[in-house]
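Commentary on secondary and tertiary structure
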Amino acid sequence: MYLNTHTYYSFKYGTMSCEELLIEAQKNGIDSLVLTDINSTAACLNFVRLSIKHNIEPILGIDFRNGVEQQFIGIAKNNQGYFELNCFLSGFLHSGDPIPAKAPYFNHAFIIYPFNKYDGRKLKKNEFIGVPPEYINKLKFSAHAHLIQEKMVILQTVTFRNKKDFNAHRLLRAIDKNTLLSKLSKAEEGSFNHKMLPKKELIKLYADCPSIVKNTEKLLNSCTIHFDFGDEQDHKNQKNYTHSEHEDFKKICKLCYKGLKYRYSEITEAIKVRLKTELKVIREKRFIAYFLINWDIVSYARRQGFFYVGRGSGANSIVAYLLRITDVDPIDLDLYFERFINLYRKNPPDFDIDFSWTDREDITAYIFRRFKNAALLATYSTFQLRAVIRELGKVFGLPAHEIENIAEGNPKQDYYSQLVIKYSHLIQGFPSHLSIHAGGILISEKHIHYFSATNLPPKGYPTTHFDMVIAEDVGLYKFDILSQRGLGKIKDTLSLVKKNKPEEPDIDIHDLNRFKKDEAVKSLLRQGKAIGCFYVESPAMRMLLKKLEADDYLGLVAASSIIRPGVAKSGMMREYILRFKNPERRKEAHPTLLKIMPETYGVMVYQEDVIKVAHYFAGLTLAEADVLRRGMSGKFRSRDEFQKAKDQYFFNCKAKGYTYADSAEIWRQIESFAGYAFSKGHSASYAVESYQSLFLKAHYPLEYMVATINNFGGFYRTELYVHEARMHGAEILAPCANSSDAMTRIYGKKIYIGLAFIKDLDQKTIAQILKVRKAYGAYSSLPDFVKKIPLSLDQASLLIKAGVFNFTKKNKKELLWEAHFLLANVKKASPMPKLFEVETKHLAIPDIPPPHTLETAFDEMELLGFPLCNPFDLLKNRPSHFFRVLDFPNNLNKTITIYGYLVAIKNTRTSKNDRMNFGTFLDVSGQFIDTVHFPQSSSQWPFRGRGIYAITGKVVEEFGFFSLEVTEMIKEPFIDDPRYSEESGKLAIKRKTMRQ
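Because the structure is predicted, anything quoted here is derived from the model rather than measured. (Residues numbered from 1 in each chain as written. Predicted model: local features only at pLDDT ≥ 70, side-chain atom pairs only at ≥ 80, totals over all residues. Heavy atoms only, no water.)

Look at helix α13 (residues 385–395) against helix α14 (residues 400–407): their axes get within 9 Å of each other, and the N-to-C directions meet at 150°. Between α13 and α14, the crossing angle belongs to the class labelled roughly antiparallel. Read as a crossing pair, α13 and α14 show a hand that is right-handed. Residues Arg386, Ile389, Arg390, Gly393 and Lys394 of α13 form the contact with α14, whose participating residues are Ile403, Glu404, Ile406 and Ala407. (Axes fitted to C-alpha atoms, helices over the stretch in contact; angles between N-to-C directions. Helix = DSSP H or I, 4+ residues; strand = E, 2+ residues; numbered from the N terminus. Parallel < 35°, antiparallel > 145°, perpendicular 65-115°, else oblique. Left-handed = near helix turned anticlockwise from the far one by under 90°. Contact = heavy atoms within 4.5 Å.)

Structural data, given as structure tokens:
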């Protein structure tokens, strides 16, 4: 009976989830229901999936509107009709054109026009007129009603359940229109009557027009929709890479046997058996095309010279290794086959393929050219509590400081503040709008519009209306095409080494065996000296590497996984370190777990360890264990299947005679993996890239740090990578008109900061500087520069203050005088080619005292974001003696005060939810200070921004790693900015007098 219902996927309009809408329908005796969200199909597939549980026949449609003005409703007769409606809506979502007042003819979909828009024209076979209850009495006065007796249907819109929903709807509309609630137009709201009534009550409203009820029932009975859900369905990805499954299998076999010769010098029986087994299972699971499509993508990347890393659970596969999708050898690493794939697993393995951030767009464009049914995957941006509080505060017209107090948990007890809190909690979690998944691309067998309408975001590629969870529910599995800066650093380093050290032999960056044996790489690992290196440079990883002192590949693979929050939070990271360093400690492991995971001493480190424990320890089937594996991601944790697997775990453990305490402890460790665990193959893939970057850092530190700077760093700010280059012997120089490129450049051991790093410098100016320099050679002076480059005085001042004209050997004050003389009366110089060179009038510069020695540092902080000198030189109150990190071993358990330049802060919370911090600083000699700020210290001595702090605390040590437990921390002042000192003021007056 209800042909027009909304969920909250009618963004910033609806107020119910799919589940809530279906519960409301079930409560009101409805046995079939049409979902018609406004210009959205985001809820459709989940609505169909959930409707079975509520014994409701689902029907899909779309409420076509311009803004909130309803044009018509489309209702799909079947899946083909759903496709037609999606194609039609997508056309307008892509173009941005308004939806017309009249719909085209659909072969498999009904169209319902609101009664108030009917103009008496003849209706097509599939068109109807929707009559709301409030229009029933108007029918007898309508000039057209008698002409459309067989065409009128019930149109009771459903958007709310109650007054609270309606109020939330009005608030959402005000947020959407960015207006005060008091100024929200009634035209922007739905009617309070848009609620669901019991079926009998609704029919009773149309008692005088039984034909309307009959027409509605007939229309509903003409509609059906079907999608397969659950683990028994076949996947909906592109089925074949070639023209048939048989040809696909021939191709993958041919590629694998070709890959054997590339990957292995000796092909052992174990390799042959593993390959044969994998190919058999891949064929049975019908995943061959999935592998070949990934092979196609990486093959294109290699042809283009793009670097990439294949990771994810697919890295456990020898087929992926032979196809060069990944660089991880599952035989060498003894990777668990069942994590990669097993006969009980319904979805294909994950391949996360990372490309350089500069190359990914090209890869994405290739995929959309190469595969006809490609679409980007969406995500839902949801309302977060603090964001809703701020939005509602604005809607109610509250002052900014009151809104901030509410957001920080200190609300006033007045009426409006309480309303904000009440409705913020209601709206929290509602989807706000569609966004784009970080890297998910679908390549389906059928057109994507059979599943969803599509938007066309700024990226320019069609994007679904559903997220990855719904995609997997319906059998669509994404290809993850991701970007990272680490690969760009490796690629750029190789190029820089060729330019800066042409005598060096070519580097085979894929020679992992060489890197594993390299003593310089081992030394960096043991000492945790991996700044700039992929995945191993963070303070936490530096700490872990120092504690472990592992210097081999398997040690790094394990470290890459145990650093993840799940393992660390469960306490198993510390236990792993203890067992790693002390063989006697390993005997304390549960004997069954030690047998299952000897390599990690009975500690669950990798995601497949959970499958092993569930299968071998608790006796779950591989199918049940795979449910646990999926549940760990958090995506399916709320599903019934996960709860059943959990119950089965405890039932089996009890049957096996384990104590409840043992079973519960192992389960706690399993749960700690939720959303964080890596498969071993995934960690191994990370470790490959880590080794590549470690090798470059060990042997070509300056080139590597320049590449890191030019790829805009990693975990830290650019400043730290500049500092790291200096620690390796580089001379760091300011940007230079003659020596810098847009990016930072290296000449031997001299590093010139790039022009692009100067704040507010116009990109067109940079391009012109480089173009003219290439054409005419180096600039000889500032006047020469100004003659050749169109430049405003403001841009010239930026360049001078940043040190771009240091090559002239003139101080900045003299250069600024020159710039004023040359450009003071010009908005932007526009040099024109001249037939004859005209000699520039010589400028007599007044006697200007040289600038303060540290004035340049303040210019650099303003324009580059950091000084090129040692920041400790800027201290106002310089102590007579500096403690250094090297002094820590001699002061263990003693309280000291050390001066540290702030690098990074990690905010976290204790088990009691108290705030605490971990700090990373540099001491005066440039070595790292690691600090721990427990809650009392954190609240009493908070961080106060970048700068140097006097840090007092106790020196502590664990596993050879020293840190400071902070008891007091005071930010030290820098000297007064010499650019604005009293002497500078006098000089400014002198200049003004001279000009007059």
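Turning our eyes to something else, we now look at the pairing of strand β3 (residues 57–66). Every regular strand shows the same layout, with side chains that alternate between the two sheet faces. With respect to burial, β3 is a largely interior element, eight of its ten residues being buried. With seven bridges connecting them, strand β2 (residues 32–38) and β3 associate as parallel partners. When the sheet's bridge partners are listed, Val34 is paired in β3 with Ile59. For the crossover from β2 across helix α2 (residues 44–51) to β3, the handedness is right-handed. Two strands pair when backbone bridges link them, and β3 and strand β4 (residues 69–76) are joined in this way by six bridges, in the antiparallel orientation. Bridge pairing in β4 places Phe64 opposite Phe72. Linkage of β3 to β4, two consecutive antiparallel strands, is achieved through a turn of two residues, within which Gly67 is found at a positive phi near 65°. (Buried < 20%, exposed > 50% of the residue type's maximum accessible area, 1.4 Å probe, protein only. Pairing = 2+ DSSP bridges. Right-handed = clockwise from strand over helix to strand, strands pointing away.)

A word on the pattern of salt bridges. Inspection of the entire model under this criterion finds 55 salt bridges. The partner of Glu724 in a salt bridge is Lys697, with the nearest N and O atoms 3.1 Å apart. One end of the pair, Glu724, is in helix α31 (residues 718–727); the other, Lys697, is in helix α29 (residues 680–699), with 27 residues separating them in the sequence. Neither Glu724 nor Lys697 differs from the other in exposure class; each is buried. Of the charged contacts in the structure, one is a salt bridge between Lys812 and Asp859, with a shortest N-O distance of 3.5 Å. Of this pair, Lys812 sits in helix α35 (residues 812–823) while Asp859 sits in helix α36 (residues 855–863), and the two are 47 residues apart along the sequence. Comparing Lys812 with Asp859 shows no difference in burial state: the two are buried. (Salt bridge = Lys/Arg side-chain N within 4 Å of Asp/Glu carboxyl O.)

Spatial ordering of the open sheet is given by β13-β15-β14, a layout of three strands whose pairing is mixed. In the strand order of this sheet, the two ends are held by β13 (731–733) and β14 (745–747), each with one partner. Across this sheet, the average inter-strand angle for adjacent strands is 25°, counted without regard to direction. The pairing of β13 with strand β15 (residues 750–752) spans three bridges and is classified as parallel. Across the sheet, residue Leu733 finds its bridge partner in β15, namely Tyr752.

Now for the environment of Leu50. Take Leu50: it is sitting in helix α2. The residues contacting Leu50, other than those within four sequence positions of it, are Cys18, Glu19 and Leu22.

What follows deals with the packing of aromatic side chains. Per the stated rule, a full pass over the model turns up 54 aromatic pairs. Arranged with centres 5.6 Å apart and planes meeting at 80°, the rings of Phe88 and Phe106 form a pair that is edge-to-face. Here Phe88, found in helix α3 (residues 79–95), pairs with Phe106, found in the loop between α3 and β5 (109–114); they are 18 residues apart in sequence, far enough to count as distant. Each member of the pair, Phe88 as well as Phe106, carries the same accessibility label: buried. (Phe/Tyr/Trp six-rings, centres within 6.5 Å; stacked < 30°, edge-to-face > 60°.)

This paragraph deals with the UniProt feature "domain: Polymerase/histidinol phosphatase N-terminal" (unreviewed entry) in the chain. The feature "domain: Polymerase/histidinol phosphatase N-terminal" (unreviewed entry), as annotated in UniProt, sits at residues 1–68 in this numbering. End C-alpha atoms of residues 1–68 are separated by 23 Å, and the span's content is 26% helix alongside 31% strand. (UniProt positions renumbered as here; feature names shortened; annotations may be inferred.)

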